[in-house]
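So the chains spell out like this:
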Amino acid sequence: MRAAILGATKGMGRSLARAMAERGDTICLLGRNRGDLERSAIDLSVRGATGEVASVLCDLEDPETFGDVMETARESLGGLDAVIVTAGVFATQDELEADPELAERLLRIDFSNTVLFCEAAKKALLSEGGGTLCAFSSVAGERGRKPVILYGAAKAGLTHYLEGLDHKHRTNGLRVVTVKPGFVKTSMTAGLQPPPFAGEPNAVARRVLRAIDRGRPVVYAPAPWRLVMAVIRALPRAIMRRINF
Ligand SMILES: NC(=O)c1ccc[n+]([C@@H]2O[C@H](COP(=O)([O-])OP(=O)(O)OC[C@H]3O[C@@H](n4cnc5c(N)ncnc54)[C@H](OP(=O)(O)O)[C@@H]3O)[C@@H](O)[C@H]2O)c1
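Analysis parameters
Once a new chain begins, its residue numbering starts again from 1 and follows that chain's sequence as written. Since the coordinates come from a predicted model, pLDDT governs what is reported: local features require at least 70, and pairs of side-chain atoms require 80 or more to be given and counted, while whole-chain, interface and lining totals use all residues. Remark: hydrogens and water are excluded; side-chain values derive from all non-hydrogen atoms of the structure. What counts as a helix is a DSSP run of H or I of at least four residues, what counts as a strand is a run of E of at least two, and both are numbered from the N terminus. We take the radius of gyration over the C-alpha atoms and set the globule estimate at 2.2 Å times the residue count to the 0.38 power. Residues count as neighbours in contact if any of their non-hydrogen atoms are within 4.5 Å of one another. Surface accessibility follows the Shrake-Rupley procedure with a 1.4 Å probe radius. Residue values consider only the protein chains on display as shielding. A residue counts as positive if it is Lys or Arg and as negative if it is Asp or Glu; His and the chain ends are not included. By convention, the charge on Lys lies at NZ, on Arg at CZ, on Asp at CG and on Glu at CD. Whether a residue is near a molecule or strand depends on its heavy atoms: it is near if one of them lies within 4 Å of it. Whenever two N or O atoms come within 3.5 Å, that pair is a polar contact, provided that in protein one can donate a hydrogen and the other can accept it, and provided that, for residues adjacent in sequence, both atoms are side-chain atoms. Note that Gly is not counted as nonpolar here; it falls among the polar residues with everything else outside the nonpolar set of Ala, Val, Leu, Ile, Met, Phe, Trp, Tyr, Cys and Pro and the charged set of Asp, Glu, Lys and Arg. A patch consists of residues whose relative accessible area exceeds 30% and which take part in no salt bridge; residues with like charges are grouped when within 9 Å of each other, and nonpolar side chains (Val, Leu, Ile, Met, Phe, Trp, Tyr) when within 5 Å. What counts as a salt bridge is simple: a side-chain nitrogen of Lys or Arg found within 4 Å of a carboxyl oxygen of Asp or Glu. For the exposure calls, accessible area comes from a 1.4 Å probe over protein chains only, and a residue counts as buried if that area is under 20% of its type's maximum, exposed if over 50%, partly exposed in between. When DSSP finds at least two bridges between two strands, those strands are taken to pair. All axes are obtained by fitting lines to C-alpha atoms, using only the stretch in contact for helices, and the reported angles, taken between N-to-C directions, cover 0 to 180 degrees.

K.L.:
I keep staring at the overall build of the chain and nothing clicks. Help me out?
P.N.:
Assigned secondary structure in the chain consists of 9 helices and 7 strands. Whereas a compact globule of 245 residues would reach a radius of gyration of roughly 18 Å, the chain reaches 17 Å, a difference of no more than 12%. Here the C-alpha coordinates of the chain stretch approximately 55 × 40 × 35 Å along the principal axes. In the chain, 71% of the contacts between residues at least 6 apart in sequence involve partners at least 24 apart. Within the structure as shown, the chain displays about 11400 Å² of accessible surface, and the carbon and sulfur contribution to it stands at 53%. Computing the positive centroid from 33 side-chain charges and the negative centroid from 28, the chain places the two 10 Å apart.

Structure, rendered in structure tokens:
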């Protein structure tokens, strides 16, 4: 598989890129820090990625570059089978309420600019006759919840966008895979108290890679979060108001 991955320098993106390298996929890394990209490219080459691991600078804060980024990635891979977007930012509800600029930045990165990046990826994949667009949303987007009102709103918007894209383009050969992680121990969640069913990035990566290979439209990871969120979705508002989940 020839895949471009945005956000593979850390966390779940790094685990996923490593799992892909280990089975011999061809990878182009997209990210905002040249040094991190170069170090990750060496790591993936050593792990078995096919051909040279290319890297292209891409900052989710610069939407005007997304078209060129995808074109450069496609050229360096000699085609394109998949685009994976794991990049994203998190801040607590308290931090976001205290700092409107931080809130605006998170909403822009996690929602509008991620959507614009996916639009550029969609265009590149459709010009290849199709492929897989996999993006990391969150269980936080399933329901309005007190601890993640703003982050959850961004992820809810992203989830809806990805679902619409899948409905529209699956018959054109574009498979959209929405990943909904629960709590996973990465740099994003460092310092937070892990809840029950907290996951490890390597296990999540294996599960996501299976979903990409099968073209599953939605994957919860770790798996128990599918059931947890089914319960949460079913709770009446009166109960949601009383609990702090
Ligand atoms: N961990 C969880 O519990 C959890 C739960 C639900 C959903 N998620 C979602 O899953 C995805 C991966 O999370 P993670 O825990 O693996 O995160 P992570 O360890 O913090 O890694 C995030 C990645 O995003 C990149 N990134 C951040 N801002 C960027 C920007 N402006 N432009 C380009 N790249 C940028 C980071 O690159 P730099 O090194 O340059 O910062 C890093 O490679 C995210 O979308 C997150 O919202 C995570």
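Having seen it, we continue.
K.L.:
Any chance you could explain the site of the ligand here in plain terms?
P.N.:
Neighbouring the ligand are 27 residues; Arg32, Tyr151, Val184, Thr186 and Ser187 lie closest to it. The side chain of Thr186 places a nitrogen or oxygen atom 2.5 Å from an oxygen atom of the ligand. Burial of the ligand by the protein amounts to 94% of the accessible area it has alone, namely 900 Å². Contributions of two or more residues to the shell around the ligand are made by α1 (11–22) and α6 (149–169). Across the shell around the ligand, the residue classes tally to 11 nonpolar, 11 polar and 5 charged.

K.L.:
What exactly am I supposed to notice about a negative patch on the surface here?
P.N.:
Among the surface-exposed residues, Asp94, Glu95, Glu97, Asp99 and Glu101 lie close enough to one another that they form a single negatively charged patch. Residue contributions to the negative patch peak at 3 residues, all from helix α4 (residues 93–98). Relative to the assigned elements, Glu97 resides in helix α4. We classify Glu97 as exposed; its relative accessible area is 53%.

K.L.:
Looking at this structure, I do not really get the sheet that holds strand β7 (residues 218–221). What am I missing?
P.N.:
In space, the 7 strands of this open sheet follow the order β3-β2-β1-β4-β5-β6-β7, with parallel pairing throughout. In the strand order of this sheet, the two ends are held by β3 (54–57) and β7, each with one partner. Averaged over all adjacent pairs, the angle separating strand axes in this sheet is 15°, with direction ignored. Pairing analysis gives 5 bridges linking strand β1 (residues 2–6) to strand β2 (residues 26–31), with the strands arranged parallel. Residue Arg2 lies in a different strand from β2, and its bridge partner there is Thr26.

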